Amino acid sequence: MPKYEGYKLAKKYLYFMKNVDYLIVGFGIAGLCFAETLRQNNKSFVVISDLHNGATAASGGVLNPTVLKRFTAAWKAEEFQKEAIPFYKEMARYLQSNVISEMKIARILNSVEEQNDWSVASEKIGLRSFLSPDIITSYNTCVKAPFKLGIVKAGYQLKPAALLFSYSKKLKEEEKFDESQFEYDQLNIKGSSVVYKQWSAKQIVFAEGSKVVENPFYPYQAPFTNKSVLVGNKGDYVIIKAPELKVNSILKGGMMLIPMGDDLYKIGATYDRHNYDATPSLEKREEIILKLNTMISCAYEVVDQVAGVRPTIKDRRPLVGVLKDNPYIAFLNGLGTRGLSMAPLLSSWLFQQLENSTAVPGAIDVNRFLK
Ligand SMILES: Cc1cc2nc3c(=O)[nH]c(=O)nc-3n(C[C@H](O)[C@H](O)[C@H](O)COP(=O)(O)OP(=O)(O)OC[C@H]3O[C@@H](n4cnc5c(N)ncnc54)[C@H](O)[C@@H]3O)c2cc1C
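Residues numbered from 1 in each chain as written. Predicted model: local features only at pLDDT ≥ 70, side-chain atom pairs only at ≥ 80, totals over all residues. Heavy atoms only, no water.

1. With respect to the pattern of salt bridges
Part 1: Tallied over the entire structure, the rule returns 17 salt bridges.
Part 2: For D263, the salt bridge goes to K246, with nearest N and O atoms at 3.1 Å. Of this pair, D263 sits in the loop between β17 (256-261) and β18 (264-268) while K246 is found in the loop between β15 (230-241) and β16 (250-252), placing the two residues 17 residues apart along the sequence.
Part 3: Assessed through its relative accessible area of 23%, D263 is described here as partly exposed.
Part 4: Connected via shared salt-bridge partners are E36, R39, E90 and R93. (Salt bridge = Lys/Arg side-chain N within 4 Å of Asp/Glu carboxyl O. Helix = DSSP H or I, 4+ residues; strand = E, 2+ residues; numbered from the N terminus. Buried < 20%, exposed > 50% of the residue type's maximum accessible area, 1.4 Å probe, protein only.)

Written out as structure tokens, the structure is:
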């Protein structure tokens, strides 16, 4: 924006300017967890975002510290889990809403060899606290599991849509939430503050998920080429109603089957790299149904389909921290396939950098791809 235009805008809002510590753009799990981190540390903020359009609203809500394809632990699983569970429990208390619950994850084993691999994995350091060594029989006649089930005992389920709804409602009541599209051309960095419409802050944190590619301050443009740093990874879920199924843990076979209550289950999700379009796909629906039919045998009805775009980075690590050439701008992005588990600790790392100049781990530093 030309300097004079910026001056005119600042003048327009001068009389009702509000000072806060932080502006947060985007309210998926990244923006939400950063807002909660600020609340817990008595910092003032305002969030500017649309709602219900992102990856968080579409996600399955599973907090799973393991990779059930290969029976390994996820990257820094223990660290992320240790921060996430008490963080979300505190949030549930604050919101007085049952947004997190403990839930076992049952992996359908496909062969005797997989049974052995499971037993070996459950003994390993780093997995022992997550995997139960026992291999159990499913007595649910609807579940096809002739080679039995391995149990992840440290699984949790979040209710992402309920969490977004109750947290944003609370923020709106406190006049800390502006439900709108962020207008990048109205952002003005002057002196030692960031000015946007009627707000003035010491820092802006962008947490826009895969839509960050539309942000002119994002340092890695060229979103739709092979050189792109952020790779949109679309996922679809089909929602079924299956009154006879009566499964009350998360079931992992060819797809994940996630109980939602009232005989509804979310089935998915698919992976479609280099796709930034969140429209549900008929092709993916068929893929999900084919895999679901290998997992269950009872009748069901497809009642809905949702999709979202995971903000995945090309080296599969988050993208967090202050821009080295602009100390007023920070990013909290790249949460990828396990954003719900990672968001609380990533928010804490970013907060420590912004408040105490503690560097974020190099593996997630937003500047790592800059020459
Ligand atoms: C189908 C699917 C299933 C998943 N399942 C799981 C799971 O079970 N467990 C897990 O841990 N992770 C899961 N994930 C990954 C997880 O959902 C993501 O890592 C995480 O939600 C990303 O959060 P985010 O806040 O970065 O982005 P988002 O959730 O996309 O939030 C960003 C928000 O900012 C808004 N925004 C962006 N730009 C602007 C702007 N200019 N103005 C206003 N608003 C703006 C967007 O519209 C959006 O509402 C899943 C993802 C998908 C797609």
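2. Points about the site of the ligand
Part 1: The local shell around the ligand holds 36 residues, among which D50, T56, F182, K211 and G336 are the closest.
Part 2: Contact between the ligand and T56: an oxygen atom at 2.5 Å from a side-chain N or O atom of the residue.
Part 3: With the chains in place, 96% of the 1,000 Å² that the ligand exposes on its own is no longer accessible.
Part 4: Contributing elements (two or more residues each) for the shell around the ligand: α2 (29-40), α3 (55-58), β15, β20 (301-313) and α8 (339-356).
Part 5: Taken together, the residues of the shell around the ligand sort by class into 13 nonpolar, 18 polar and five charged. (Near = heavy atom within 4 Å. Polar contact = N/O pair within 3.5 Å; in protein donor to acceptor, adjacent residues only side chain to side chain. Areas by Shrake-Rupley, 256 points an atom, 1.4 Å probe, with all protein chains shown as cover. Nonpolar A, V, L, I, M, F, W, Y, C, P; charged D, E, K, R; others polar.)

3. Observations regarding the nonpolar core
Part 1: F27, F34, Y88, M91, L163, L332 and L346 are the most contacted members of the largest nonpolar core, which has 50 residues in total.
Part 2: Residues in contact with L163, not counting those within four places in the same chain, are I29, L32, Y88, M91, L95, V99 and L158.
Part 3: One finds V25, Y184, L230 and V366 within the second-largest nonpolar core, a separate group that totals 27 residues. (Core = buried A, V, L, I, M, F, W, Y, C linked by side-chain atoms within 4.5 Å. Contact = heavy atoms within 4.5 Å.)

4. Quick word on the packing of helix α4 (residues 77-95) against α8
Part 1: Closest axis-to-axis distance for the α4/α8 pair is 8 Å, and the angle between their directions is 90°. Of the possible angle classes, the one that applies to α4 and α8 is roughly perpendicular. Between α4 and α8, the residues in contact are E79, F80, E83, A84, F87 and Y88 and L340, S341, M342, A343, P344, L345, L346, S348 and W349, respectively.
Part 2: Looking at the contact of α4 with α8 residue by residue, the classes come out as 11 nonpolar, two polar and two charged. (Axes fitted to C-alpha atoms, helices over the stretch in contact; angles between N-to-C directions. Parallel < 35°, antiparallel > 145°, perpendicular 65-115°, else oblique.)

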